[in-house]
Amino acid sequence: MENLKNKYDIIADYHTHTVYSHGKGTVEENVLKAIELGLKTIAITDHGPHHFIYGVSEDNLFKQAKEVISLREKYPNINILTGVEANIKGLGGEYDIREDMRHELDIVLCGFHKPVWGDKMSDYTNLFFNSYSKLLYKPTKNQIKKNTSAYISLIKKQPIDIISHIGYHLAVDTSEVAKAAYDHGVAIEVSTRHDDCTPADYEGLFASKCMITVNSDAHKVESIGVIDRALKVLDEYSVDPARVINSSYCHFDFKCKK
Ligand SMILES: [Zn+2]
Ligand SMILES: [Zn+2]
């Protein structure tokens, strides 16, 4: 695995959780682990406010952002990004981050999580129902079409940087999502923590030229920087390191400060 880490020259983990949501480590413990691993950048990305089990309130997101600013002074040799893993909420690409909050952040991930209420009943009966019904039967073409369209609207409407764990709990046409991601400068995460993509999903994803990201999605300190499964996927599909935003070979523009 060290070979793959060297091949991709991984210098950043852009998806980690802390005690602010349901992670086990404090922000500082996550940072210290990243320093120990020799990473150049770590992002703190707890769940967005509308996740009704683990979501971080807006007040606490601001508080966390301030904590990150003080940790930057204490640990100047690592780049600490304050961020969030927002929730996609509806068929129209709605998410749960207010514009003023976004400007306090450095990085915004967005993914599908079941414990979120949509704004409208139709969001619930489509997106969320599709996710639950996936457990009972194979998603229909029509369901996949709706899910894909929701993700594409999200990418077009919201200034996000990363789609987290694509395919997790919600089937999409990865090639269509990846095309939109490429057009709008959004990276798509190949998850280490969740393994819901089929070989066809990966083929669709990598067929486009969109940026890719591999992160730990760590919920405990020891998992930070652990991306073995995702790296194996990249290697298997011969993904160019220059497309992988965690790699020193890649340059990626985050949108928050724009
Ligand atoms: Zn997630
Ligand atoms: Zn996460």
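Below, the structure is looked at part by part. (Residues numbered from 1 in each chain as written. Chains lettered and ligands numbered in written order. Predicted model: local features only at pLDDT ≥ 70, side-chain atom pairs only at ≥ 80, totals over all residues.)

### Section: the overall build of the chain
Counted only if it meets this: A run of DSSP states H or I qualifies as a helix once it reaches four residues; a run of E qualifies as a strand once it reaches two. Both are numbered from the N-terminal end. As defined in this context, the radius of gyration uses C-alpha atoms, and a globule is described by 2.2 Å times the residue total to the power 0.38. Partly exposed residues are those falling between the two cut-offs: more than 12 but fewer than 20 other C-beta atoms within 10 Å of their own, whereas 20 or more means buried and 12 or fewer means exposed, with C-beta atoms placed from the backbone. For the purpose of contact definition, each residue receives a C-beta atom placed from its backbone, and two residues are in contact when these atoms lie within 7 Å.
Across its full length, the chain carries 9 helices and 7 strands. Against the compact-globule benchmark of 18 Å for 258 residues, the chain has a radius of gyration of 17 Å, which places it among compact chains. Over its C-alpha atoms, taken along the principal directions, the chain stretches across nearly 50 × 40 × 35 Å. Counting the 258 residues in the chain, one finds 48% classified as buried. Within the chain, residue pairs in contact and separated by at least 24 positions form 76% of the contacts whose partners lie at least 6 positions apart.

### Description of the sheet that holds strand 7 (residues 212-215)
The criterion, for reference: In short, DSSP must find at least two bridges between two strands for them to pair. The axes are straight lines fitted to the C-alpha atoms, using for helices just the contacting stretch, and the angles between their N-to-C directions are given from 0 to 180°.
In spatial order, the strands read 1-2-3-4-5-6-7; together these 7 strands make up an open sheet with parallel pairing. With partners counted over all chains shown, the strands left at the sheet margins are strand 1 (12-13) and strand 7, one partner each. Both strand 1 and strand 2 (residues 41-47) contribute to a ladder of 2 bridges, which runs parallel. Bridge pairing links Ala 12 to Thr 41 in strand 2. Contacts from helix 2 (residues 27-36) reach strand 1, strand 2 and strand 3 (79-87), with the element oriented near 150° to strand 2.

### Details of the nonpolar core
Cut-off, in case you're wondering: Here a nonpolar core is just a set of buried residues of the types Ala, Val, Leu, Ile, Met, Phe, Trp, Tyr and Cys, joined wherever their C-beta atoms sit within 7 Å.
Counting residues in hydrophobic clusters, the biggest one holds 70 residues, and the most contacted among them are Val 108, Cys 110, Ala 181 and Ile 188. In terms of residue count, helix 6 (residues 141-157) provides more of this core than any other element does, 5 residues in total. Those residues in contact with Ala 181, other than ones at most four positions away along the chain, are Ile 155, Ile 163, Val 186, Ile 188 and Cys 210.

### Things to note about the pairing of strand 3
Where we set the bar: When the strands point away from the viewer, a crossover counts as right-handed if the path from the first strand over the helix to the second runs clockwise.
Burial analysis of strand 3 places 8 of its 9 residues in the buried class, the great majority of the element. The pairing of strand 2 with strand 3 spans 7 bridges and is parallel. Counterpart to Thr 41 in the pairing with strand 3 is Asn 79. Traced from strand 2 through helix 3 (residues 58-74) to strand 3, the parallel crossover comes out right-handed. Inspection of the sheet shows strand 3 paired to strand 4 (residues 107-111) by 5 bridges, in the parallel sense.

### Observations concerning helix 7 (residues 174-184)
Basically, it comes down to this: What the arc covers is the set of directions going from the helix axis to the C-beta atoms.
The complete set of buried residues in helix 7 reads Thr 174, Val 177, Ala 178, Ala 180 and Ala 181. Each buried residue of helix 7 sits inside an arc of 160° when the element is viewed along its axis, so together they form one side. Where the residues of helix 7 are buried, they touch helix 6, strand 5 (162-163), strand 6 (187-191) and helix 8 (199-207). Two residues or fewer after helix 7 comes Gly 185, characterised by a positive phi angle close to 65°.

### Quick look at the packing of helix 5 (residues 121-133) against helix 6
Operational definition: Each crossing is labelled by how the near helix is turned from the far one, with a counterclockwise turn of less than a right angle marking it left-handed and a clockwise turn marking it right-handed. Throughout this entry, Asp, Glu, Lys and Arg are counted as charged residues, while Ala, Val, Leu, Ile, Met, Phe, Trp, Tyr, Cys and Pro are counted as nonpolar. The remaining residues, Gly among them, count as polar.
One way to put it is that helix 5 packs onto helix 6 with a least axis distance of 10 Å and a crossing angle of 115°. Remark: the crossing between helix 5 and helix 6 carries left-handed chirality. On helix 6, the residues that touch Asn 126, Leu 127 and Asn 130 of helix 5 are Gln 143, Lys 146, Asn 147 and Ala 150. A class-by-class count of the residues in the contact of helix 5 with helix 6 yields 2 nonpolar, 4 polar and 1 charged.

### Let's talk about the packing of helix 7 against helix 8
Inclusion rule: Roughly parallel means an angle under 35 degrees; roughly antiparallel means over 145; roughly perpendicular covers 65 to 115; every other angle is labelled oblique.
Running from N to C, helix 7 and helix 8 point in directions that differ by 25°, and their axes come no closer than 7 Å. One element, helix 7, and the other, helix 8, form an angle in the roughly parallel class. Along this stretch, helix 7 crosses helix 8, giving a crossing that reads as right-handed. Only Asp 201, Gly 204, Leu 205 and Ala 207 of helix 8 make contact with helix 7, whose side of the interface consists of Thr 174, Ser 175 and Ala 178. Partitioned by chemical class, the residues of the contact of helix 7 with helix 8 number 3 nonpolar, 3 polar and 1 charged.

### A short note on the pairing of strand 7
Alternating residues of strand 7 divide into Ile 212 and Val 214 and Thr 213 and Asn 215, and every residue in both groups is buried. By the bridge criterion, 4 bridges tie strand 6 to strand 7 in an arrangement that is parallel. Bridge pairing in strand 7 places Val 190 opposite Val 214. At this point the chain moves from strand 6, through helix 8, to the parallel strand 7, and the crossover so formed is right-handed.

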